[in-house]
Amino acid sequence: MAINSASTSTFTSTSVETALDMSLWAGRTDPEPNSERWHQKIQPLSETAAPGCALLGFESDAGVARNQGRTGAAQGPSALRKALAPLAWHRTGPAYDAGNVRCEGDALETAQQALADHVSALLKAEHFPIVLGGGHEVAYGSWLGLAQHLADNGEKAPRIGIINFDAHFDLRAPSHVRSSGTPFTQIADQCAQRGWPFRYACLGVSRAANTRALFNRAAQLGVMVREDRDFQAAHLERIQRDLERFMVRCDHLYLTIDLDVLPAGEAPGVSAPAARGVSLALIEPLIEAIRDSGKLRLADLAELNPAHDIDSRTARAAARLVFQLALDT
């Protein structure tokens, strides 16, 4: 799946296009020693690249459109790269841009499978993939890529812990329309078909934004739920202990962050802004605990919608989260 080192390259297959544009990585260069920034250090992914952090974009609005949300998240990967480019470099290992998977029109299922294939290839090459969305339909493609990789490695019933920071469960029934609101039901169904345990923690859920039917489905599936109102500084240690107990019972972790978990003031540029939300200051310590667990295999960020952003607030918040996830010191 690697893309060559040219500044721009394109490969197409039916309704999915994978493209790499290194011109997005630009910013100030400082004269002092040890003053590198992301735009100076990130490299285009190649077949011979040493294991590192690999950023893969998922340009898709199809799931949001099917879910009757406001579209624009297909432009999220480019906006996130631009916001990440000037941030200070603190990694010891390499980082790569692996290009984008683009959903053409409504070809969502094709794009999700293409994303899964790319994620699986990155994992096989021992990279740590961070997928940049795109609508939260990215989650099904991301998880499927991890599942393919583990199955290829001969794991019979891996305990994959899904940790979702989100104002929404995204557990709608996909019987009629698969969308940005159905990925975790799709994953639960896949787990049932494979005979794998389904382990899902949804943190930051808004009771006002999720119906009783969704809370009931979460209870039936044994989902670990922490509502947005639970997130207070005084309760953070308790939530972290609960999260650690969840992680102990997992072999692998997949982290997905829907940026609409943040308050609208911190993240106005999302498909469904949160009236309350959970602040970045409360989320970051939990992200760091997940990163440092030794079990995190894959992460993605979803719903960055530049068309509705204000002064790039949402893109900057997303870039900071990628920065934290990519730290390896």
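Residues numbered from 1 in each chain as written. Predicted model: local features only at pLDDT ≥ 70, side-chain atom pairs only at ≥ 80, totals over all residues. Heavy atoms only, no water.

Draft legend 1. Region of the structure containing the overall build of the chain. When helices and strands are counted, the chain shows 10 helices and 11 strands. Its C-alpha atoms give the chain a radius of gyration of 18 Å, within 12% of the compact-globule value 20 Å for 329 residues. Once the C-alpha set of the chain is aligned to its principal axes, its extents read approximately 55 × 45 × 35 Å. Looking at the chain residue by residue over its 329 residues, the buried ones come to 59%. With the model as given, the accessible surface of the chain reaches about 13300 Å², and the carbon-plus-sulfur share is 47%. (Helix = DSSP H or I, 4+ residues; strand = E, 2+ residues; numbered from the N terminus. Rg over C-alpha atoms; globule rule 2.2 N^0.38 Å. Buried < 20%, exposed > 50% of the residue type's maximum accessible area, 1.4 Å probe, protein only. Areas by Shrake-Rupley, 256 points an atom, 1.4 Å probe, with all protein chains shown as cover.)

Draft legend 2. Representation of the pairing of strand 5 (residues 95-103) in the model. Where burial is concerned, most of strand 5 is hidden: 8 out of the 9 residues are buried. Relative to strand 5, strand 3 (residues 43-44) is paired through 2 bridges, and the arrangement is parallel. The partner of Pro44 across the bridge, within strand 5, is Asp97. Bridge analysis of strand 4 (residues 53-59) against strand 5 gives 6 bridges, and the strand direction is parallel. Within strand 5, the position partnered with Gly57 by the bridge is Asn100. (Pairing = 2+ DSSP bridges.)

Draft legend 3. View of the pattern of salt bridges. As enumerated under the stated definition, the model contains 14 salt bridges in all. Asp97 serves as the salt-bridge partner of Arg81, at 2.9 Å between the closest nitrogen and oxygen. Of this pair, Arg81 sits in helix 3 (residues 76-84) while Asp97 sits in strand 5; the two residues are 16 residues apart in sequence, bridging distant segments of the chain. Comparing Arg81 with Asp97, the two get one shared label, buried. (Salt bridge = Lys/Arg side-chain N within 4 Å of Asp/Glu carboxyl O.)

Draft legend 4. Looking closely at the nonpolar core. The biggest cluster of nonpolar side chains holds 57 residues, and the ones touching the most others in it are Trp38, Leu55, Ile163, Phe165 and Leu255. Broken down by element, this core gets its largest block of residues, 9 residues, from helix 10 (residues 313-326). Leaving out residues up to four positions away in the same chain, Trp38 has contacts with Trp25, Leu55, Leu84, Ala85, Leu87, Ala88, Trp89, Arg91, Ala95, Phe323 and Ala326. Formed by 47 residues, the second largest nonpolar core is a distinct cluster that contains Tyr96, Val131, Phe169 and Leu171. (Core = buried A, V, L, I, M, F, W, Y, C linked by side-chain atoms within 4.5 Å. Contact = heavy atoms within 4.5 Å.)

Draft legend 5. Looking closely at the side chain of Glu137. Within the secondary structure layout, Glu137 lies in the loop between strand 6 (128-133) and helix 5 (138-152). Here Gly63 takes part through its backbone nitrogen, which lies 2.9 Å from a polar atom of the side chain of Glu137. If near-sequence neighbours (up to four positions away) are discounted, Glu137 is found in contact with Phe58, Ser60, Asp61, Ala62, Gly63, Val64, Leu108, Gln112, Ser179 and Ser180. (Polar contact = N/O pair within 3.5 Å; in protein donor to acceptor, adjacent residues only side chain to side chain.)

Draft legend 6. Quick peek at helix 9 (residues 280-291). If you check helix 9, its first and last C-alpha atoms are 16 Å apart, about what 12 residues at 1.5 Å a residue would give, namely 16 Å. The element helix 9 is extensively covered by neighbouring structure, given that 9 of its 12 residues are classed as buried. Tucked into the core, helix 9 has its buried residues touching strand 7 (160-165), helix 8 (236-248), strand 10 (252-258), strand 11 (296-302) and helix 10. (Expected span 1.5 Å × (residues − 1).)

Draft legend 7. Region of interest: the side chain of Thr314. On the secondary structure map, Thr314 appears in helix 10. Reaching out from Thr314, the side chain makes a polar contact with the backbone nitrogen of Gly269 at a distance of 2.7 Å. Excluding its chain neighbours within four sequence positions, the residues that come into contact with Thr314 are Leu259, Glu266, Ala267, Pro268, Gly269, Val270, Leu304 and Asp309.

Draft legend 8. Looking closely at the packing of helix 9 against helix 10. As a packed pair, helix 9 and helix 10 sit with axes 9 Å apart at the nearest point and diverge in direction by 25 degrees. Between helix 9 and helix 10, the angle is such that the two are roughly parallel. Note that helix 9 runs across helix 10; the crossing there is right-handed. Residues Leu280, Glu284, Ile287, Glu288 and Arg291 of helix 9 form the contact with helix 10, whose own contacting residues are Arg320, Leu321, Gln324 and Leu325. (Axes fitted to C-alpha atoms, helices over the stretch in contact; angles between N-to-C directions. Parallel < 35°, antiparallel > 145°, perpendicular 65-115°, else oblique. Left-handed = near helix turned anticlockwise from the far one by under 90°.)

Draft legend 9. Summary view of unusual backbone geometry. In this chain, Gly133 is followed by Gly134 through a cis amide linkage whose omega measures 15 degrees. Relative to the elements of secondary structure, Gly134 occurs in the loop between strand 6 and helix 5. Phi angles above zero are rare outside glycine, and Gln68 is one such case at about 60 degrees. One can find Gln68 in the loop between helix 2 (62-66) and helix 3. Phi at Asp311 takes a positive value of approximately 55 degrees, unusual for a residue other than glycine. Counting through the fold element by element, Asp311 comes out in the loop between strand 11 and helix 10.

Draft legend 10. Representation of the layout of surface pockets. Reported here for the largest pocket is a volume of approximately 290 Å³. Lining of the largest pocket is provided by 21 residues; of these, Asn67, His168, Asp170, Arg172 and Ser180 occupy positions nearest its centre. Split by residue class, the lining of the largest pocket holds 6 nonpolar, 10 polar and 5 charged. (1 Å grid on protein atoms, 1.4 Å probe; cavity = no way out; pocket = protein on both sides within 12 Å on 5 of 7 lines; lining within 4 Å. Points joined across faces, edges and corners; volume = space filled by probe spheres on them. Nonpolar A, V, L, I, M, F, W, Y, C, P; charged D, E, K, R; others polar.)

Draft legend 11. Up close: the state of the cysteines. According to the stated counting rule, one finds 0 disulfides in the structure shown. Cys250 provides the cysteine sulfur closest to Cys191, a residue in no disulfide bond, and the two sulfurs are 11 Å apart. In this structure Cys202 is not part of a disulfide, and its nearest cysteine sulfur, from Cys250, lies 15 Å away. (Disulfide = S-S within 2.5 Å.)

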